[in-house]
Protein chains: 4
Amino acid sequence: MKLFVLDPVAFYFRGKPEKDMPILNGIYPPIVTPFEDQEVSYSQLSNNIKKWNEYELTGYVILGSNGENAMLSEAESLNVLETAIKYIPDNKQIIIGAGQESCKLTLNYMKQARQIGGDAFLVVSPHYYKDQMTDSALLNFYTEVAEKAELPVVIYNVPKFTGINLTLNVLEKLASHPNIVGMKDSSGNMTYFQSLLALQLPEFQLLTGTANTLFPSLMVGAAGGILALANIAPQICLDIFHLCQQGKIEKSRELQLKIIRLNQLTTNIFGIGGLKYALDQIGFFGGKPRSPLEVPDADGKAQIRTELKKISLL
Amino acid sequence: MKLFVLDPVAFYFRGKPEKDMPILNGIYPPIVTPFEDQEVSYSQLSNNIKKWNEYELTGYVILGSNGENAMLSEAESLNVLETAIKYIPDNKQIIIGAGQESCKLTLNYMKQARQIGGDAFLVVSPHYYKDQMTDSALLNFYTEVAEKAELPVVIYNVPKFTGINLTLNVLEKLASHPNIVGMKDSSGNMTYFQSLLALQLPEFQLLTGTANTLFPSLMVGAAGGILALANIAPQICLDIFHLCQQGKIEKSRELQLKIIRLNQLTTNIFGIGGLKYALDQIGFFGGKPRSPLEVPDADGKAQIRTELKKISLL
Amino acid sequence: MKLFVLDPVAFYFRGKPEKDMPILNGIYPPIVTPFEDQEVSYSQLSNNIKKWNEYELTGYVILGSNGENAMLSEAESLNVLETAIKYIPDNKQIIIGAGQESCKLTLNYMKQARQIGGDAFLVVSPHYYKDQMTDSALLNFYTEVAEKAELPVVIYNVPKFTGINLTLNVLEKLASHPNIVGMKDSSGNMTYFQSLLALQLPEFQLLTGTANTLFPSLMVGAAGGILALANIAPQICLDIFHLCQQGKIEKSRELQLKIIRLNQLTTNIFGIGGLKYALDQIGFFGGKPRSPLEVPDADGKAQIRTELKKISLL
Amino acid sequence: MKLFVLDPVAFYFRGKPEKDMPILNGIYPPIVTPFEDQEVSYSQLSNNIKKWNEYELTGYVILGSNGENAMLSEAESLNVLETAIKYIPDNKQIIIGAGQESCKLTLNYMKQARQIGGDAFLVVSPHYYKDQMTDSALLNFYTEVAEKAELPVVIYNVPKFTGINLTLNVLEKLASHPNIVGMKDSSGNMTYFQSLLALQLPEFQLLTGTANTLFPSLMVGAAGGILALANIAPQICLDIFHLCQQGKIEKSRELQLKIIRLNQLTTNIFGIGGLKYALDQIGFFGGKPRSPLEVPDADGKAQIRTELKKISLL
């Protein structure tokens, strides 16, 4: 698949990705999975996707953390994937959330997903047995998975959910694997992120996993972002990205500072319930997350509405 | 010794709610799930159980953390349960590891397990969305699960794996639920454990979840323990328990200090791989854990053997 | 009860190294330093000491964490020590809080304190440069200090204040130093505490540093405790200790569970301000701590009063 | 570039509050305090300062964390300040490390320092009693200190040493105090840093406290940095700053990625011992830090030399 064949220049704000070679870059929303009465609503899912399709998003992450994959049965996950793929046009990349505790479960899931479609897997680190997830265990996990996955693998580092931070040593080794094409780093840790970039790992793209650090990550060399915020504010996320590419740094920075509070409300503070509430306010379908995830209280809702107004989404 | 005279109505099971029925107390191993070539070995499972049956263990936890439940497919889990139940005599309690990220997945799993058998569910807190697992989310989760579970529920607090510690406020409320009969606390935090005991929650048994704190937990009022160490050293765990009941405190204390290093090697330091290595040394089947979990290196193995010798298991 | 029969050569002091001399064991309050209008009140200090002298406390820690040593100038510290010594009878041990960031500062302080009096130094780990406080740095620090201190050294491990936990490796080496006689462990971590006891370090006494774990620590082999709570409830702390020595385990345990909430309110939750408020309620002088330490709010005060009533101090 | 045009009224000092006076911006090294045989070497201090004076540094932090202030007696601190001031030209700002556990100690120290000279105080949060340092305690501390300090106050947030992170709520209130002129944030947390900038606090300058985040901090709006690395690589730090001002983003970014490993070696990994070793390699005097701080081992030294070569300092 040509999708991830890259020239080793990670940071294109000085030029156009020559050819029309789609690479792992730009903005991707990790899309929410809508529920009605706690059951997956496939119609609301397709409605949302049709709306997101109107934006210049590079693609989508289906069944990531914000897709509540952890709350779904395997059958539900695969149905969500099948529905999503139906409504996503060919020119958009589809990255499938994967990654379970054992290699076996992960590969078994990938096999089934692969038959449905998609372009790459986003693989979260196994994390239940935290102190047992040594460097060598994680290296072995990703290596075995990358060997056998039938799609390119994007590593997913999200310490706030996993309690695990992949070390530079492990990542340096994994990056050279031909089927590992990049990493979504949701740590928000810019020292770590820059240290990774400083390694100049060839054919290994770095995406930030949180809009909290979108602008600074782009400035230091990120290829883009997989951003919960791109569910509700795709255009602003795209603007921050494109302004950087165009060298309009000051404008991009202004937007970044404008969205940071909204992003914290809809990710760190109220999580998926907050994100879904925001979607409901602006014409998408959000609904309630699956229990025990919660919707914000009245005060939280008001704060989210205030922030949506500040960026003219309300 | 009055310390361990427990309210006998706490834990009715197997449909015989008569007086003097067993309650949640004593020693339970959370049994390992054996693999051969990464596949569950049901024959080794049954062999192990037959050996454990020779001890005065109150019962077993099947498919807990040490049972690598997180590494198994749902079908595998249910098969393990089915096999285990076949070999466990009627007078032993069977506690089934359960607990997934959503109420829906948890209840769906319980429904299937219930048809196979068992006496209670050990329900780990949902934890992937850590910062979203507020007190009210956790209260709602356990309440909904306890309402609908068709077996008594034992709460499982294991911060080292989940990154979440149930608060006293939440536990005080949950403890009054008629279908919640107790808690396995693996925090190792004696201040927390004593604070819980000080609440004197009626019909709510507290078990320690780690042999690191078996003796001191019993001394402050624990009803027993669910202990990884009871896989390899069931008799010593039972001795610590019985000596406390008999008021032979000094002897019990000596045993406790004797096993603490072995317990750390086979849980905190080398985890399940260490526990399985120890089993292999003493006539049980341990084998390798499912990948990416690892076996100890040569030095780790030597340390484990040294400790096994110190308590005459080798 | 053999548990508490300790090697009598461990702790020689006041230049009378005879047989049967007191050793580091029993109950010690780390006494508060009273302020009036933010200035040390030496008269209130002496009044408090006279009251504490009525109890069978083994001795006192002067200028520990609860003595707000960190809030005092060196001159004030030395004056507090001088006053305290005047009012403490000869048969009580006097342990002086010491320990600063550099060996040089620590030793310079000790030299001055030594000229005033006292029996031992309680030396907190240097901790400002946390990640630089490697095992070897801490080993060097305590070794140099113990070499040159003119009184026996008691190690003070208090991770909640220092962010540092001394490792077993370091402690095993330090314990063999002839001028290091024991350790106050305020970690509250019973696994760690038992692991230390399991090393059976000769002539090295272990005291718990928090009433949160007084009873369980005594049961596993602690020689006693240096307890903030012994400022306000010296008799109950002594009772827990003596009941253990007499084998009256159940009664000791009951007292332990009775005081755990009060101890948390006056240490973990409201800290020194809470402790001083409690002192004011029961006939000692507490007063306000030095700014920016705070007194509890109205609700906090009410909670403390409720707990004082539960143990009949009010 | 407008990004760095700052309100010129923010930081008046040396008693000449005219227009166009310098403000808190640009690059400041928190200079090391040299020791020979564990005693402060005032001659080496002056030699170092003379060399640093050759660079376009805005000024110096004397007696900060990297100045080992915590390892010095008060008398030594004041002597270091006196010596430093003698060798620092009038056109350089002098910021004095201050901040002790109580308001009283802090103000007493400031009074003495003020008589010697300097332009502002850098005040670290009190932190020994961590859990007692509530928002209101910290607000009271900084407010009282700012009221009474006879020089402008710069807040110093350094969670890696203090274990405390000042909240946005507290900072928003403190920023409006007329004598609080800015903040050194060493958290390295860009989400936090941007959230502060998004508050658009008037007359409150934000400096990053670590070269790990110099470039991204400048890009989002920092006024400059107080950087350990500026001890050894003042010119590169200045280049990163000036290139940003000139809009030469790509070049600035390249330098940033070039120094990140060196910065980690000389701060996070080997700390002050590493920083001093690097100084020794490049013509400054480093020497040994005060015990128990350590010098790097042979491997650490080699790593530092490698990185110094990469940026042509060796």
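One can find the structure itself at the top, above this paragraph.
Residues numbered from 1 in each chain as written. Chains lettered and ligands numbered in written order. Predicted model: local features only at pLDDT ≥ 70, side-chain atom pairs only at ≥ 80, totals over all residues. Heavy atoms only, no water.

(A) Just the relation of the copies chain A and chain B, in detail. Turning chain A through 180 degrees and shifting it by 0.0 Å along the axis lays it on chain B, with an RMSD of 0.0 Å. Taken together, the rotation and translation describe the operation of a two-fold axis. Taking C-alpha positions as the reference, the residue of chain A nearest the rotation axis is G163(A), at 3.7 Å. Taken together, the interface assignments show that 100% of the residues at the interface of chain A recur at the interface of chain B, consistent with an identical surface on both copies. (Least-squares fit on C-alpha atoms with pLDDT ≥ 70 in both. Contact = heavy atoms within 4.5 Å.)

(B) Just the packing of aromatic side chains, in detail. On inspection of all chains with the given rule, the structure shows 24 aromatic pairs over all chains. Judged by centre distance (5.4 Å) and plane angle (75 degrees), the ring pair of Y129(A) and F161(B) falls under edge-to-face. Pair noted here: Y129(A) is in the loop between β6 (120–124) and α4 (135–148) and F161(B) is in helix α5 (residues 159–162), and the two residues belong to different chains. The exposure class assigned to Y129(A) is buried, which follows from its relative accessible area of 1%. With 5.3 Å between their ring centres and 80 degrees between their planes, F141(D) and Y142(D) make a pair best called edge-to-face. You can call Y142(D) buried: its relative accessible area is 0%. A network of ring pairs unites the aromatic residues W52(A), Y60(A) and F284(A) as a single cluster. Taking the ring centre of F284(A) as reference, the NZ or CZ of K51(A) above it sits at 5.8 Å. (Phe/Tyr/Trp six-rings, centres within 6.5 Å; stacked < 30°, edge-to-face > 60°. Helix = DSSP H or I, 4+ residues; strand = E, 2+ residues; numbered from the N terminus. Buried < 20%, exposed > 50% of the residue type's maximum accessible area, 1.4 Å probe, protein only. Lys NZ or Arg CZ within 6 Å of the ring centre and 35° of its normal.)

(C) Here's a closer look at unusual backbone geometry. A cis geometry characterises the amide bond from S291(B) onward to P292(B), with omega recorded as 15 degrees. By secondary structure assignment, the location of P292(B) is in the loop between α12 (271–281) and α13 (298–310). With a phi close to 70 degrees, L63(A) is a non-glycine residue in the positive phi region. Position of L63(A) among the secondary structure elements: in the loop between β4 (59–62) and α2 (74–87).

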